[in-house]
Amino acid sequence: MREPQQQHKESGLPRGTILGGDAATVMRGLPDHTIDQIFFFPPYFRLRDYGVGKNKGELGHETSVDEWVANLRAVCIEARRLLTPTGSLWINLGDTYSRTIGHGATRKSLLLGPERLALALVADGWLMRNSIVWAKANHMPESVGDRLTSAWEHLYFLTPESDYFFDLDAIRLPHTSPLRELSRPCDSRPTGRRDQSRPRNRDDRGLGSLKASGLPGHPLGKNPTDVWTLPTSPKGVGHSAAMPLELAKRAIAAACPERRCVQCRKPFKRDSALAKRIAKRLGHTSVGTLAPRPDVPLLPTCGCKADSEPGVVLDPFMGSGTTAIAAEQLGRDWLGVELSAEYVRYAETRIARARKENSKRKETT
């Protein structure tokens, strides 16, 4: 594993390391407005025991679901302070069933813990941009006879401001419809059938132009929906509830900039119109990858004329290290917080192993 940068030259933010301790407490010691994305998968209410204990701050052992929400809310208060003005917060959450009225609902009822947290965060001023469904392609069976099997979880995408960084082109999906040959030029119309009530060039824009040119949609791929069908983590990850790597990679690719200004921390962006023109010229119908696109340069969005650096993603519940692995594969910097010393050691080992595997893969390509 690379040596962690304990003091970054501009922000004082450590990178490439896992800080041990309680999430909210550790976050209070980090500098303001230095993180581009905060992405985490916290312990769910009353579902698992990670071996640390409630007295030492382990989340999920609270008496009631409202207490669990309050503890997560405290983490999100610190998250808002740490995020840059263009940053975003992503939270993966699962629900559970009440076993006693003291948990927050009648026994056997869903507690609606994720929804309670979502409403609390909106009340705190967060903007809920998406409530994404993670549909588990290989969900675990449940031995229940009086309800349906649970096969999905929430992924909330929130922002502190209405103007934020989001790279839709980085996560576009391949089109399912193939290219078709043109039956007539893009700007031609059958004679005698023109609709005089609409502008002549209306079809020269948007989907009409794309369809007329033989493309099934946007040249860089289709816009993903808010239902993400992805498998769970494979066995042998070493964590009882490890986050899928592809889930982390998709969220990071969308919301953590590849580069940012070292002075003002504003994100660099790619020229979306140029990317579209290049794709059309080359005959591409989608990117189909989360990898960077070197054919379209990154451009600053500020006038600082300063150096650039990778964007930074923070995971306050690092667990097995999946967020760090995803960030490194995408060329982003990362910082983690983890309460369990055992998981810190395991995550460091797993990150180092993934780094070696990536290096070998690059050497063979």
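Look a little higher up for the structure.
Parameters at a glance
- Residues numbered from 1 in each chain as written.
- Predicted model: local features only at pLDDT ≥ 70, side-chain atom pairs only at ≥ 80, totals over all residues.
- Heavy atoms only, no water.
- Helix = DSSP H or I, 4+ residues; strand = E, 2+ residues; numbered from the N terminus.
- Buried < 20%, exposed > 50% of the residue type's maximum accessible area, 1.4 Å probe, protein only.
- Contact = heavy atoms within 4.5 Å.
- Areas by Shrake-Rupley, 256 points an atom, 1.4 Å probe, with all protein chains shown as cover.
- Phe/Tyr/Trp six-rings, centres within 6.5 Å; stacked < 30°, edge-to-face > 60°.
- Salt bridge = Lys/Arg side-chain N within 4 Å of Asp/Glu carboxyl O.
- Polar contact = N/O pair within 3.5 Å; in protein donor to acceptor, adjacent residues only side chain to side chain.
- Core = buried A, V, L, I, M, F, W, Y, C linked by side-chain atoms within 4.5 Å.
- Pairing = 2+ DSSP bridges.
- Right-handed = clockwise from strand over helix to strand, strands pointing away.

**Student:** I'd like a description of the overall build of the chain, backed by residues and values.
**Tutor:** The helix and strand inventory of the chain stands at eight helices and 12 strands. The proportion of buried residues among the 365 residues of the chain is 45%. Long-range contacts, defined here as pairs at least 24 residues apart, represent 72% of the contacts in the chain between residues at least 6 apart. Of the roughly 18800 Å² that the chain leaves accessible, carbon and sulfur atoms contribute 50%.

**Student:** If you had to explain the packing of aromatic side chains to someone new, which residues and values would you point to?
**Tutor:** Under the defined criterion, the tally for this structure stands at six aromatic pairs. Aromatic pair Trp90 and Phe157: ring centres 4.3 Å apart, planes at 15°, arrangement stacked. Here Trp90 is found in strand β3 (residues 83–93), whereas its partner Phe157 is found in strand β5 (residues 152–159), with 67 residues between them in sequence. Both residues of the pair, Trp90 and Phe157, belong to the buried class.

**Student:** Any details on the pattern of salt bridges? Residues and values, ideally.
**Tutor:** Within this structure, the stated rule accounts for 15 salt bridges. Residue Arg15 pairs with Asp333 through a salt bridge whose shortest N-O separation is 2.8 Å. Remark: Asp333 occurs in strand β12 (residues 333–338) and Arg15 occurs in the segment before β1 (18–20); sequence separation between them is 318 residues. Residue Arg15 shares its accessibility class with Asp333, and that shared class is buried. A salt bridge links Arg260 to Asp36, with the shortest nitrogen-to-oxygen separation between them at 2.8 Å.

**Student:** Pulling in residues and values, what's your account of the side chain of Arg172?
**Tutor:** Positionally, Arg172 belongs in the loop between β5 and α4 (206–212). Here Asp169 takes part through its side chain, which lies 2.8 Å from a polar atom of the side chain of Arg172. Separated by 3.0 Å, the side chain of Arg172 and the backbone oxygen of Gly221 make a polar contact.

**Student:** Lay out the side chain of Glu78 with the relevant residues and their values.
**Tutor:** Tracing the backbone shows Glu78 in helix α2 (residues 65–82). When its relative accessible area of 12% is taken as the criterion, Glu78 is described as buried. With residues near it in sequence (within four places) discarded, Glu78 still touches Ala24, Met27 and Arg28.

**Student:** How would you summarise the nonpolar core if you had to cite specific residues and measurements?
**Tutor:** Of all hydrophobic cores here, the largest spans 72 residues; its most connected members are Ile38, Phe40, Leu89, Trp90, Ile91 and Leu314. Broken down by element, this core gets its largest block of residues, eight residues, from α2. Core analysis: the second largest hydrophobic core is formed by five residues, Leu220, Ala275, Ile278 and Val296 among them.

**Student:** Describe the pairing of β12, with residues and values.
**Tutor:** When you tally the buried positions in β12, you get six out of six residues, the bulk of the element. Neither face of β12 is exposed, since Asp333, Leu335 and Val337 on one face and Trp334, Gly336 and Glu338 on the opposite face are all buried. Judged from the three bridges that link them, β1 and β12 form a sheet pairing that is parallel. Across the sheet, the residue bridging to Ile18 is Gly336, located in β12. Where strand β11 (residues 312–315) lies against β12, four bridges are found, and the strand directions are parallel. Of the residues in β12, the one forming a bridge with Leu314 is Leu335. Assessed by its sense of winding, the connection that carries the chain from β11 through helix α7 (residues 322–329) to β12 is right-handed.

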